[in-house]
Protein chains: 4
Amino acid sequence: MSSSYGENIRLTIFGQSHSPAIGMTLEGIPAGERIDLETLQRFLRRRAPGQSDYTTPRKEADESEFLSGLVDGITCGAPLAAIIRNTDTRSADYAAFAAVPRPGHADYTAQVKYGGAQDRSGGGHFSGRMTAPLCVAGGICLQLLAAEGIRVISRIAAIGSVHDTGELKASTADKPFPTVDDGRGEAMRAEIADARAEGDSVGGVIECAVLGLPAGLGDPMFDGMENRIAAAAFAIPAVKGIEFGSGFASAALRGSENNDPFIVENGTVKTETNHCGGILGGITNGMPLTFRVAIKPTPSIAGEQRSVNLETLKAEKLRVTGRHDPCIVPRAVPCVEAAAAIAVYDALLGHKREKK
Amino acid sequence: MSSSYGENIRLTIFGQSHSPAIGMTLEGIPAGERIDLETLQRFLRRRAPGQSDYTTPRKEADESEFLSGLVDGITCGAPLAAIIRNTDTRSADYAAFAAVPRPGHADYTAQVKYGGAQDRSGGGHFSGRMTAPLCVAGGICLQLLAAEGIRVISRIAAIGSVHDTGELKASTADKPFPTVDDGRGEAMRAEIADARAEGDSVGGVIECAVLGLPAGLGDPMFDGMENRIAAAAFAIPAVKGIEFGSGFASAALRGSENNDPFIVENGTVKTETNHCGGILGGITNGMPLTFRVAIKPTPSIAGEQRSVNLETLKAEKLRVTGRHDPCIVPRAVPCVEAAAAIAVYDALLGHKREKK
Amino acid sequence: MSSSYGENIRLTIFGQSHSPAIGMTLEGIPAGERIDLETLQRFLRRRAPGQSDYTTPRKEADESEFLSGLVDGITCGAPLAAIIRNTDTRSADYAAFAAVPRPGHADYTAQVKYGGAQDRSGGGHFSGRMTAPLCVAGGICLQLLAAEGIRVISRIAAIGSVHDTGELKASTADKPFPTVDDGRGEAMRAEIADARAEGDSVGGVIECAVLGLPAGLGDPMFDGMENRIAAAAFAIPAVKGIEFGSGFASAALRGSENNDPFIVENGTVKTETNHCGGILGGITNGMPLTFRVAIKPTPSIAGEQRSVNLETLKAEKLRVTGRHDPCIVPRAVPCVEAAAAIAVYDALLGHKREKK
Amino acid sequence: MSSSYGENIRLTIFGQSHSPAIGMTLEGIPAGERIDLETLQRFLRRRAPGQSDYTTPRKEADESEFLSGLVDGITCGAPLAAIIRNTDTRSADYAAFAAVPRPGHADYTAQVKYGGAQDRSGGGHFSGRMTAPLCVAGGICLQLLAAEGIRVISRIAAIGSVHDTGELKASTADKPFPTVDDGRGEAMRAEIADARAEGDSVGGVIECAVLGLPAGLGDPMFDGMENRIAAAAFAIPAVKGIEFGSGFASAALRGSENNDPFIVENGTVKTETNHCGGILGGITNGMPLTFRVAIKPTPSIAGEQRSVNLETLKAEKLRVTGRHDPCIVPRAVPCVEAAAAIAVYDALLGHKREKK
């Protein structure tokens with residue numbers, strides 16, 4: 001299958017970059033929940049293109065239209081369905097990739113999998129544009145989580161070789177370019193500008209934290225919070241790695257350093273440090289759930305690249321024109337929050353089922 | 001839910017560290033497949049404790065008994081079920097953890113989730129022992145993959161601060177302590193011995209590669225190979241991070257460096273480099289599928305640790321006695337291969353469904 | 001959850017009777033399949049209201065718009081999404097049912113389940129109108145089955161006390177009012193006319209057969225063809241019973257009568273009789289797969305009915321105005337075919353996966 | 001797939017008639033639930049063979065051994081696993097069916113599906129014996145339902161042409177041969193004795209009711225109570241039909257007769273009649289949930305039958321020796337209750353998730 005997620009909710013994402021519309025269906029949201037469409041739209045705008053000088057100039061209003069499941073802004077218990085019309089499409093840009101796959105893109109694998117029937121235009125269902133309906137679903141879950149006092153925040157931890165410093169806080173997440181250290185944020189933007197100037201692109205790292213989570217969410221083994229969040233986060237096309245808490249750094253630690261001592265604070269059990277990222281045995285322990293994802297550099301670059309003509313099996317040079325972000329990390333920030341919110345909200349519903 | 005995995009196969013793992021038995025059921029394996037039980041047992045022995053001086057002295061024969069699904073070593077189409085009896089259990093070791101949770105373990109989160117009913121003994125269902133049935137299922141899938149020319153190999157890429165060098169090859173994977181550079185392997189073993197001598201533990205990184213995969217496995221978005229493998233790999237208790245191909249390193253690269261140019265070799269489309277880890281758009285491209293997982297240091301350490309008495313909510317010191325590995329990375333190697341094999345075999349069955 | 005179906009495909013149906021649109025998403029259809037939209041539209045028209053004197057005069061063009069998954073009439077491998085706009089809605093008709101639930105309808109249970117947030121208008125997600133997207137999915141599956149030589153046919157076996165005679169054949173299914181015996185069909189129409197004249201409604205039985213099926217589809221126990229088809233057929237609101245082959249009649253037979261002797265015909269194994277409805281052990285045996293569903297009389301009737309005011313808990317009389325079919329059996333015929341086609345096509349894809 | 005069931009619980013059944021053991025795993029049962037093993041064993045004994053003169057003389061203690069998930073009779077939150085050893089097996093009885101499939105059995109379809117690898121012995125995974133682990137799971141769910149005041153009762157509504165009269169009550173269900181009218185029960189037993197004397201078999205109908213259910217269980221469309229219970233009940237090998245409430249009889253009624261008027265009784269909304277079987281729109285309405293299943297006559301009969309040699313494709317006569325029930329209806333009664341309990345308990349857990 002492909003494009004469904006969830007155990008207690010069921011999210012399906014549909015659409016191709018240049019199909020009449022893209023959208024999502026979302027089942028399992030309880031009836032009676034208020035969804036504020038303006039708040040949702042504001043969230044979608046953080047992902048939308050055309051917001052700044054480091055994003056593609058492709059213009060999409062990205063207005064989501066709800067077809068079902070909402071009555072006067074309140075969920076009625078029936079599946080939610082929302083679509084976003086594709087308006088500004090330029091299929092001709094992609095005609096050339098039919099025979100010569102773009103390096104770093106899904107052109108080749110889609111050709112192997114779907115043959116001539118694949119929708120090459122704009123990357124089809126593999127387009128980063130599919131993260132718009134992901135953000136619709138995620139934006140809904142963010143509101144539902146907020147109603148329970150749970151907040152998802154994130155920052156840009158790195159762009160290329162520039163790393164942010166300090167610790168992620170809620171105030172960081174509110175910035176338009178969310179870094180703790182604004183100087184580093186400046187340097188990151190310079191890195192993006194450099195990449196663009198060179199017709200190149202650059203990747204980065206996003207750090208995300210879920211605050212206010214109760215202990216007890218998630219399950220052992222295959223349905224741990226790590227499994228659930230990873231399964232959602234890798235739906236974002238450019239994500240190539242994920243780590244929880246200290247992640248890969250913990251591999252270099254001793255147990256005596258990495259174990260988080262339990263303490264009591266205001267009558268609540270906490271841990272002094274949070275190397276485990278708020279997850280023990282797959283289950284939340286009440287501390288912030290923290291993770292980081294690696295975002296690869298945008299594969300669409302202006303420079304000449306080497307590829308192969310799939311019909312002749314001869315080497316060919318290729319140059320990707322069209323409109324592309326030199327760095328998708330800033331626009332990926334809300335996508336990561338969306339993926340986290342979807343996974344966490346799904347686990348939260350499961351948690352409710354267990355209560356007597 | 002908790003302990004089920006798979007789209008085209010369905011794996012369920014059951015058992016607790018000190019229950020009468022642990023085991024697995026595995027549905028969806030086609031009829032007529034030969035499973036060699038000696039090969040399987042050999043694979044299980046790689047994970048079993050008591051193999052060397054850096055593993056727990058707990059002795060378990062870990063002989064798997066097949067209860068169903070196999071007739072004379074051939075799958076009959078019915079669900080496979082196999083169990084491993086727990087023989088050498090010492091529940092008394094764990095009585096003390098009832099009220100004072102061990103840092104880094106699931107004691108606390110299990111208590112929150114299951115209350116007094118949780119099976120604390122030996123970590124219950126959260127025990128690393130649950131990876132034995134994971135390896136039964138994985139060992140079966142490894143054989144089924146091998147029959148199609150697909151091999152899963154891995155190496156220890158790091159223990160603590162010691163990193164292996166060179167490139168993972170099939171010959172590496174055959175070593176008892178699988179590193180490319182045997183000198184580095186020696187240094188890693190010394191690191192483990194040091195940790196043990198200090199009553200401490202140490203983590204590490206495992207690199208895994210799947211060779212011989214056809215292009216076209218996996219699906220876009222939520223069912224990409226990254227999502228599938230991550231969802232399986234995080235079932236291994238100590239895994240805290242996963243990255244595919246260049247992973248977190250690719251975040252620091254330019255697109256022009258990270259994109260893998262397509263080439264033709266012996267009439268087959270390949271890529272010159274493999275930064276993408278053999279996965280584009282969630283789908284295999286025919287190159288080796290490569291990934292690395294971060295293993296945290298074993299939380300069970302001999303030294304005194306700070307915790308909290310959950311009944312009195314007072315701080316308490318705690319010392320974990322019992323039998324524990326100072327480093328579980330060597331025994332985790334076959335578990336990572338098992339997780340990869342399960343995920344890849346599941347995707348392979350899905351791929352067969354798509355063929356006309 | 002609610003509105004998803006399938007193991008190898010994944011169908012989600014969304015919408016409410018009076019929401020902006022209703023629709024479906026359908027994942028898992030292989031790429032490269034041709035869907036003829038005119039054929040699909042013709043199939044949908046068989047279910048659409050306003051076709052004859054025994055259906056509701058509510059007019060809906062029921063034109064389905066494909067938003068994704070189809071490129072020039074060919075599936076591209078991405079999820080299919082199609083919507084039907086709701087145009088002719090009269091919510092005011094339903095305002096009265098807010099407090100006083102209609103007998104035989106889901107008003108009361110929806111109120112218990114969703115509280116005041118339920119979308120009462122037109123029955124919301126419980127409306128028979130939801131069978132339109134079911135027919136979109138079913139119509140697609142019917143075309144995919146037809147391409148493999150598989151045909152789904154059906155007839156009206158009974159309306160009220162009038163029963164058809166003879167045996168269901170492909171030629172029967174082509175009739176506008178599909179009965180073997182046209183005289184009985186006449187009598188059935190009279191029965192419907194009588195019910196309408198009395199402000200009442202009437203139920204019936206639909207018989208369905210799937211022809212051209214290979215042997216080997218379906219699985220033992222929970223995924224047998226009976227389970228799969230039943231799980232799909234009960235999605236049609238008025239279905240209250242299902243039986244396969246001789247069904248309830250076989251309960252009165254001796255084994256020597258009910259067992260179908262195997263024979264060989266033109267080199268193919270067949271059975272002489274077909275009491276088992278083409279299914280043995282949950283798996284197709286190559287004979288026609290036959291089943292019958294019971295359709296209850298439309299609960300919306302003109303006559304006065306006794307109900308209860310949910311706010312005052314006092315008895316109240318109620319009269320259902322609005323536009324309603326005195327008998328939905330004729331319009332349910334394509335819905336039953338759709339449900340069968342979806343279940344059978346899903347099983348067929350699973351069967352392909354098993355082949356070497 | 002085959003042998004898994006459930007949305008909020010996950011049941012997997014494994015084993016073959018003559019494999020070392022049969023069993024089940026059951027995930028999703030909350031921690032802290034008491035399972036009384038003696039009560040469970042008593043329930044299993046109702047299904048076990050050798051209880052009376054109308055069942056097979058095959059003796060199986062059918063003692064279930066719990067391998068995991070239970071600690072001192074209390075669920076610990078980990079998956080439950082229980083097995084029943086197969087002790088009294090006589091594979092030689094089945095050797096003859098290898099080439100000549102028994103009419104009415106799954107021999108032929110299993111051969112088509114699994115080829116020579118199928119486990120023919122005793123019917124393999126298709127054996128009625130697989131209902132023993134179904135009853136283990138069902139017996140657990142029955143206890144969990146009982147703890148919430150929900151009871152599942154049933155009666156034999158018909159054997160062959162003899163029909164019970166009167167209305168199913170709890171007191172009926174307690175009888176060893178559960179009919180309302182004991183004279184009819186006597187006549188049914190005579191019908192079974194006749195069938196046996198003639199080397200033949202006979203079928204019947206079982207009626208089941210779930211009492212004490214809250215309103216609000218189940219979901220619209222594919223996850224209605226009808227869909228859920230049907231999907232579970234057809235796992236019992238001989239079930240060929242199911243109807244809810246008035247079922248097929250309602251097809252002959254007028255809407256004015258079939259609609260159940262709402263009334264208030266002791267401050268609770270009820271319906272005066274229960275033609276809908278306690279289900280409206282797929283959701284329970286608080287009235288008894290009632291359904292009936294058709295059980296076909298046991299296909300194993302002593303008389304000579306016509307079949308086909310699958311190797312030579314020549315007609316052959318066949319005589320089924322071995323040990324068989326002339327009527328499995330009495331032993332199917334607890335199986336139907338088990339299927340109902342599993343489906344209802346699964347829906348009940350889903351219902352809990354929805355509550356705020």
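Residues numbered from 1 in each chain as written. Chains lettered and ligands numbered in written order. Predicted model: local features only at pLDDT ≥ 70, side-chain atom pairs only at ≥ 80, totals over all residues. Heavy atoms only, no water.

**Describing the overall build of chain A**
Stated formally: Under the DSSP-based scheme used, a helix requires at least four consecutive residues in state H or I and a strand at least two consecutive residues in state E, with every element numbered from the N terminus. Only C-alpha atoms enter the radius of gyration, while the globule expectation follows 2.2 Å times N to the 0.38, with N the number of residues. Per-residue accessibility, obtained with a 1.4 Å probe over protein chains only, is compared with the maximum for each type, and a residue is labelled buried under 20%, exposed over 50%, and partly exposed between these values. We call two residues in contact whenever any of their non-hydrogen atoms come within 4.5 Å of each other. Computed with a 1.4 Å probe, the accessible areas rest on the Shrake-Rupley method; for each residue, only the protein chains presented here act as cover. We treat Lys and Arg as the positive residues and Asp and Glu as the negative residues; His and chain ends play no part in the count. Think of each charge as sitting on NZ of Lys, CZ of Arg, CG of Asp or CD of Glu.
Looking only at helices and strands, chain A has nine helices and 18 strands in total. In terms of C-alpha radius of gyration, chain A reaches 21 Å, essentially the compact-globule figure of 21 Å for 356 residues. Structurally, chain A occupies a C-alpha span of about 70 × 50 × 35 Å along its principal axes. Relative to its full complement of 356 residues, chain A shows a buried share of 68%. Look at the contacts in chain A between residues 6 or more apart in sequence, and 68% of them connect residues 24 or more apart. Carbon and sulfur atoms make up 50% of the accessible area of chain A, which totals about 11100 Å². Averaged over its 37 positive side-chain charges, chain A has a centre that lies 3 Å from the centre of its 42 negative ones.

**A look at the sheet that holds strand β7 (residues 80-85) of chain D**
Residue and element names in this part refer to chain D. To be explicit about the condition: Here a strand pair is declared whenever DSSP counts at least two bridges between the two strands.
What the five strands build is an open sheet, ordered β1-β2-β3-β7-β4; its pairing is antiparallel. A single partner strand is all that each edge strand has here, and the edge strands are β1 (4-5) and β4 (64-68). Bridging between β1 and strand β2 (residues 10-14) involves two bridges; their strand directions are antiparallel. Opposite S4, over in β2, you have T12 as the bridge partner.

**Quick word on the relation of the copies chain D and chain C**
One copy of the chain maps onto the second through a rotation about an axis and a displacement along it. Filter applied, for reference: Copy-to-copy alignment: least squares on C-alpha atoms, limited to residues at pLDDT 70 or above in both.
Expressed as a screw operation, the relation of chain D to chain C combines 0.0 Å of axial shift with a rotation of 180°, fitting to an RMSD of 0.0 Å. Given the turn and translation reported, the copies of this chain are related as if by a two-fold rotation axis. Looking at the interface residues of chain D, 100% of them are also at the interface in chain C, so both copies use one shared face.

**Overview of the relation of the copies chain D and chain B**
Note on the copies: chain D fits chain B at an RMSD of 0.0 Å, the axial shift is 0.0 Å, and the rotation between them is 180°. A symmetric contact is evident, with 100% of the interface residues of chain D recurring at the interface of chain B.

**So, the pattern of salt bridges**
Residues and elements named next belong to chain B. Put simply, the rule is: When a carboxyl oxygen of Asp or Glu is within 4 Å of a side-chain nitrogen of Lys or Arg, the pair counts as a salt bridge.
This structure, assessed with the given rule, holds 80 salt bridges over all chains. With a closest N to O distance of 2.7 Å, E186 and R189 form a salt bridge. Of this pair, E186 and R189 are both found in helix α5 (residues 182-197), three residues apart, which corresponds to roughly one turn of the helix.

**Here we look at the packing of aromatic side chains**
Remark: the centre distance and the inter-plane angle together describe each pair of aromatic rings, the angle taken between the planes. Stated formally: The criterion for an aromatic pair is that two Phe, Tyr or Trp rings (for Trp, the six-membered ring) have centres within 6.5 Å, with stacked assigned to planes under 30 degrees apart, edge-to-face to planes over 60 apart and tilted to the rest.
Under the criterion given, the structure shown has 22 aromatic pairs over all chains. Summarising the aromatic geometry, the rings of F248 of chain A and F248 of chain B are spaced 6.0 Å apart at their centres and angled 65° between planes, so their arrangement reads as edge-to-face. Taken together, the residues F248 of chain A in helix α7 (residues 247-250) and F248 of chain B in helix α7 (residues 247-250) connect one chain to another. Given the relative accessible area of 16%, F248 of chain A is considered buried. Relative to F126 of chain B, the ring of Y114 of chain B lies with its centre 6.3 Å away and its plane at 45°, an arrangement referred to as tilted. In this pair, Y114 of chain B is assigned in helix α2 (residues 107-114) and F126 of chain B in the loop between α2 and α3 (131-146), connecting sequence segments twelve residues apart. Taking the relative accessible area as the measure of exposure, Y114 of chain B reaches 12% and is therefore buried.

**Some thoughts on the interface of chain D and chain C**
We count it as follows: Two parts placed together each lose some accessible area under a 1.4 Å probe, and the buried area is that loss summed for both. Pairs of N or O atoms within 3.5 Å make up the polar contacts considered here, provided that, within protein, one atom can donate a hydrogen while the other can accept it, and that residues adjacent in sequence are counted only when both atoms are side-chain atoms.
Listed per partner, the contact involves 98 residues of chain D and 99 residues of chain C. Counting the surface lost from both chain D and chain C, the interface buries some 7800 Å², and carbon and sulfur atoms represent 62% of this. At the boundary of chain D with chain C, the tally comes to eight salt bridges. At the boundary of chain D and chain C, one finds 35 residue pairs in polar contact (both at pLDDT 80 or more). Take the side of chain D that touches chain C: its biggest share by element is six residues, from strand β11 (residues 239-244) of chain D. Examined bridge by bridge, strand β11 (residues 239-244) of chain C and β11 of chain D share three bridges and lie antiparallel to one another. Residue pairing in the sheet places E243 of chain C in a bridge with G241 of chain D of β11 of chain D.

**Details of the sheet that holds strand β1 (residues 4-5) of chain A**
Residues and elements named next belong to chain A. Threshold: Angular values range over 0 to 180 degrees, each being the angle between N-to-C directions of two axes fitted as lines to C-alpha atoms, with helices fitted over their stretch in contact.
With respect to topology, five strands assemble into an open sheet ordered β1-β2-β3-β7-β4, the strand pairing being antiparallel. Across the chains shown, the open sheet's two edge strands, defined by having one partner strand only, are β1 and β4 (64-68). Summarising the sheet, strand β2 (residues 10-14) and strand β3 (residues 21-27) pair through five bridges and their orientation is antiparallel. Pairing of F14 across the sheet is with G23, part of β3. Against the sheet, helix α3 (residues 131-146) engages β2, β3, β4 and β7 (80-85), with an angle of about 30° to β3.

**Focus: the interface of chain D and chain B**
Listed as interface residues are 41 residues of chain D and, on the opposing side, 41 residues of chain B. Taking both partners together, chain D and chain B bury about 2800 Å²; carbon and sulfur atoms supply 62% of that area. Viewed at the interface, chain B and chain D are joined by two salt bridges. R85 of chain B is the salt-bridge partner of E65 of chain D, the closest N and O atoms lying 2.9 Å from each other.

**Focus: the packing of helix α1 (residues 37-47) of chain A against α3 of chain A**
Residues and elements named next belong to chain A. What counts, and what does not: Every angle not falling under 35 degrees, over 145, or within 65 to 115 is termed oblique; those three ranges are roughly parallel, roughly antiparallel and roughly perpendicular. Left-handed is the label given to a crossing in which the near helix is rotated counterclockwise from the far helix by less than a right angle, and right-handed is the label when the rotation is clockwise. Residues are grouped as follows: Ala, Val, Leu, Ile, Met, Phe, Trp, Tyr, Cys and Pro are nonpolar; Asp, Glu, Lys and Arg are charged; all remaining types, including Gly, are polar.
It is at 9 Å that the axes of α1 and α3 come closest, and there the two elements cross at 140°. Relative to α3, α1 is oriented oblique. By crossing handedness, the relation of α1 to α3 is classed as right-handed. Listed contacts from α3 to T39, L40, F43, L44 and R47 of α1 are T131, A132, C135, V136, G138, G139, I140, L142 and Q143. Of the residues assigned to the contact of α1 with α3, the class counts are eight nonpolar, five polar and one charged.

**Here we look at the side chain of S4 of chain B**
Residue placement: S4 of chain B occurs in strand β1 (residues 4-5). Reaching out from S4 of chain B, the side chain makes a polar contact with the side chain of T12 of chain B at a distance of 3.1 Å. Polar contacts involving the side chain of S4 of chain B include one to the side chain of E27 of chain D, which spans 2.4 Å. In contact with S4 of chain B, not counting residues within four places along its chain, are F222 of chain A, R10, L11 and T12 of chain B together with R10 and E27 of chain D.

**Comments concerning unusual backbone geometry**
Residues and elements named next belong to chain B. The backbone phi angle of D72 is positive, close to 55°, even though this residue is not glycine. Here D72 falls in the exposed class, since its relative accessible area comes to 74%. For N266, which is not glycine, the phi torsion reads 50° and is therefore positive. Mapped onto the fold, N266 is located in the loop between β12 (262-265) and β13 (268-271). Given a relative accessible area of 80%, N266 falls into the exposed group.

**A short note on the confidence of the model for chain A**
What counts is decided by this rule: Values of pLDDT, the confidence the predictor places in each residue, fall between 0 and 100.
Per-chain confidence: chain A averages 92 in pLDDT, with 92% of residues scoring 70 or above. What the predictor reports for the complex is a pTM of 0.96 with an ipTM of 0.96.

**Some points on the environment of V239 of chain A**
Counting through the fold element by element, V239 of chain A comes out in strand β11 (residues 239-244). With relative accessibility at 1%, the residue V239 of chain A sits in the buried group. Each C-alpha atom, one on V239 of chain A and one on G203 of chain A, is 9.8 Å from the other, the two residues being 36 residues apart in sequence. Filtering out sequence-adjacent residues up to four positions away, V239 of chain A remains in contact with A233, F234, V293, A294 and I295 of chain A together with E226 of chain B.

**Brief notes about the side chain of T25 of chain D**
By secondary structure assignment, the location of T25 of chain D is in strand β3 (residues 21-27). Judged by its relative accessible area of 0%, T25 of chain D is buried. Excluding anything up to four places from it in sequence, T25 of chain D contacts T12, F14 and T25 of chain B together with R10, L11, T12, F14, L80 and A81 of chain D.

**Some remarks on helix α6 (residues 225-233) of chain A**
Of all the nine residues making up α6 of chain A, nine are buried; the element is thus mostly covered by neighbouring parts of the structure. Every buried residue of α6 of chain A is accounted for by M225, E226, N227, R228, I229, A230, A231, A232 and A233 of chain A.

**Points about the environment of A98 of chain A**
Mapped onto the elements of the fold, A98 of chain A is located in the loop between β7 and α2 (107-114). Under the relative-accessibility criterion, A98 of chain A is labelled partly exposed at 27%.

**A closer look at the pairing of β12 of chain B**
All names here are of chain B. Of the pairings in the sheet, the one linking β12 to β13 comprises four bridges and is antiparallel in character. In the sheet register, F262 faces β13, and the bridge partner there is T271. Between β12 and β13, which pair antiparallel and follow one another directly, the connecting turn spans two residues, one of which, N266, has a positive phi of 50°.

**Notes on the environment of P176 of chain B**
With respect to the element layout, P176 of chain B can be found in the loop between α4 (170-173) and α5. A relative accessible area of 81% means that P176 of chain B is categorised as exposed.

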